[in-house]
Amino acid sequence: MSQANIPNISPNITITRDDAINLLLSSIALEELGLSHIINAEGEKLQYVLGTLPGFTPPVQPSISDLLLINSSVRETIREIRKKEWILNEKLETVLEADNT
């Protein structure tokens, strides 16, 4: 059996302070975009259950207990998104403070 031939790779990566700050801001923006998609999906979930989603007619009308269950699910998701938003806000403030120094 032959020995693996692994090339010697030692890349030199240079990132300036401005590059790092821009990358951090971009990561915050992408996380915000992801959260907006989750919020949109929760809205569509409600529209689906209520039968107001364009182009869709529900086969069965939901009961009050079904609506309360869905509402609880959406509320929990929004609660978690709020927590993530708080963390992202702290991250943004930290990055913006670093940009001023």
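Whatever comes next refers back to the structure up there.
Report on the accompanying structure. What you see is a predicted model; the values in this text were computed from it and never measured. Per chain, residues are indexed from 1 in the order of the written sequence. Local features in this predicted model are restricted to residues whose pLDDT is 70 or higher, and side-chain atom pairs enter the listing and the counts only when it is 80 or higher, whereas totals over whole chains, interfaces and linings include all residues. Only hydrogens and water are set aside; all other atoms, that is, all heavy atoms of the structure, feed into the side-chain values.

### Notes on the environment of Ile-70
Then step 1. In this text, helices come from DSSP runs of H or I with a minimum length of four residues, and strands from runs of E with a minimum of two, each type numbered from the N-terminal end. As for its placement among the helices and strands, Ile-70 is situated in helix 2 (residues 64-100).
Then step 2. The spacing of Ile-70 and Val-49 is 21 residues in sequence and 8.0 Å in space, taken between C-alpha atoms.
Then step 3. Residue contacts are defined here by distance: any two heavy atoms, one from each residue, within 4.5 Å place the two residues in contact. Aside from chain neighbours lying at most four places away, what touches Ile-70 is Lys-45, Leu-46 and Val-49.

### Focus: helix 1 (residues 17-50)
Then step 1. Taking 1.5 Å per residue as the helical rise, helix 1 with its 34 residues ought to reach 50 Å, and the 50 Å between its terminal C-alpha atoms agrees with that figure.
Then step 2. Looking at helix 1, one finds that the buried residues are Ile-21, Ile-28, Leu-35, Glu-42 and Val-49.
Then step 3. Phi turns positive, to about 80 degrees, at Gly-51, one or two residues after helix 1. By this rule, a helix spans an expected 1.5 Å times one less than how many residues it contains. Each residue gets one of three labels from its accessible area relative to the maximum for its type: buried under 20%, exposed over 50%, partly exposed in between, using a 1.4 Å probe on protein chains only.

### Details of the packing of aromatic side chains
Then step 1. Two rings from Phe, Tyr or Trp (for Trp, the six-membered ring) form a pair when their centres are within 6.5 Å of each other. A pair whose planes differ by under 30 degrees is stacked, one over 60 is edge-to-face, and the rest are tilted. Under the counting rule described, the total for this entry stands at one aromatic pair.
Then step 2. Pairing Tyr-48 with Phe-56 gives two aromatic rings, centres 4.5 Å apart and planes at 25 degrees, and the pair type is stacked.
Then step 3. On the accessibility criterion, Tyr-48 (42% relative accessible area) is partly exposed.

### Observations concerning the side chain of Glu-42
Then step 1. Here Glu-42 is to be found in helix 1.
Then step 2. Taking relative accessible area as the criterion, Glu-42 reaches 9% and is therefore assigned buried.
Then step 3. Glu-42 has contacts with Ser-73, Val-74 and Thr-77, leaving out every residue within four places of it along the chain.

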